[in-house]
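Observations on the three-dimensional arrangement
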Amino acid sequence: VSTGTVTVGNIVNSNANGIGNIGSASVYYNTVFAKATSAQYADLAEKFLADQPYQSGTVLIFGGDLEVTESTAYADHRVAGVVSTNPSYLMNSGLEGQYAVELALQGRVPCSVEGPVEKGDLLVSAPNGRARAAKSAQAGTIIGKSLENFNGESGTIEIVVGRD
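On a predicted model such as this, the values are computed, not experimentally measured, just so you know.

1. A word on the environment of Ser84
Position of Ser84 relative to the elements: it lies in the loop between strand 7 (79-83) and strand 8 (89-91). Residue Ser84 is classed as buried on the basis of its relative accessible area, which comes to 5%. The spatial distance from the C-alpha of Ser84 to the C-alpha of Cys111 is 8.8 Å, given a sequence separation of 27 residues. Residue contacts for Ser84: discarding those within four places in its chain leaves Asp43, Ala45, Ser56, Glu102, Leu103 and Ala104.

As structure tokens, then:
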């Protein structure tokens, strides 16, 4: 039995699979008490100012004209993260700028790589905004670990971001 749209104060539920809006961009809540949450997507990201727009999966380093720029070197200690596709949680969401990017800092994301890569390999930065496998990576240069095997020259695979 459908009850239509239910509105209580600033809480709106349109009877669609238990989905509803609590508040809005101008009317919000400071504290939420809940027993459990879940997320559809799989990474924790933060917005940073970049020097140009970057595609999802691009490996970025701290540097450039603003805060982050594309990786240009192998195993760069300035590695920042991977441009997110759909962050589960976005920090610094109010940051505005011509090229504000959502950078995955932890979690599962697609990543541009150069091969070969084996599942479980440690990944470090590489030129052209990519990652590559490193058998003995130094702390501070690690982006994360591969979730897939990849035998091509360049492509995109799923990784778990988590430096060091």
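2. Re the pattern of salt bridges
Overall, the coordinates contain 4 salt bridges when judged by the stated rule. Residues Glu158 and Arg108 are paired through a salt bridge, measuring 3.2 Å at the closest nitrogen-oxygen approach. Of this pair, Glu158 sits in strand 13 (residues 154-161) while Arg108 is found in strand 9 (residues 100-114), placing the two residues 50 residues apart along the sequence. With relative accessibility at 46%, the residue Arg108 sits in the partly exposed group.

3. Things to note about the packing of aromatic side chains
Counted according to the given criterion, the structure contains 1 aromatic pair. Residues Phe48 and Phe62 carry aromatic rings whose centres are separated by 5.9 Å and whose planes lie at 70° to one another, so their mutual orientation is edge-to-face. Of the two residues, Phe48 is situated in strand 4 (residues 43-49) and Phe62 in strand 5 (residues 59-62); the sequence distance between them amounts to 14 residues. For Phe48, a relative accessible area of 12% translates into the label buried. On the accessibility criterion, Phe62 (38% relative accessible area) is partly exposed.

4. Regarding the nonpolar core
Within soluble globular proteins, side chains that are nonpolar tend to cluster in buried spots. Counting residues in hydrophobic clusters, the biggest one holds 16 residues, and the most contacted among them are Val82 and Ile159. For this core, the secondary structure elements donating two or more residues are strand 7, strand 9, strand 11 (130-133) and strand 13. Per element, the largest residue contribution to this core is 4 residues, and it comes from strand 9. When near neighbours in sequence (up to four residues on either side) are disregarded, Ile159 contacts Val82, Gly107, Arg108, Val109, Cys111, Leu123, Ile143, Lys145, Ser146 and Leu147. Counting residues in each nonpolar core, the second largest holds 10 residues, with Val68, Ala80, Val101 and Leu105 among its members.

Reading the values: the criteria
Numbering of residues begins from 1 in every chain and follows the order in which that chain's sequence is written. Only residues with pLDDT of at least 70 get local features here, since the model is predicted, and only at 80 or more are side-chain atom pairs given and counted; chain-wide, interface and lining totals rely on the full set of residues. Each side-chain value is worked out from all heavy atoms of the structure, with water and hydrogens disregarded. Secondary structure elements are taken from DSSP: a helix is a run of H or I of four residues or more, a strand is a run of E of two residues or more, and numbering for both begins at the N terminus. For the exposure calls, accessible area comes from a 1.4 Å probe over protein chains only, and a residue counts as buried if that area is under 20% of its type's maximum, exposed if over 50%, partly exposed in between. By definition in these notes, contact holds between two residues if any of their heavy atoms fall within 4.5 Å. One side-chain nitrogen of Lys or Arg within 4 Å of one carboxyl oxygen of Asp or Glu is enough to make a salt bridge. Here a pair means two rings of Phe, Tyr or Trp (six-membered ring of Trp) with centres within 6.5 Å. Their orientation is stacked below 30 degrees between planes, edge-to-face above 60, and tilted elsewhere. By convention a nonpolar core is built from buried Ala, Val, Leu, Ile, Met, Phe, Trp, Tyr and Cys residues, the set being connected through side-chain atoms within 4.5 Å.

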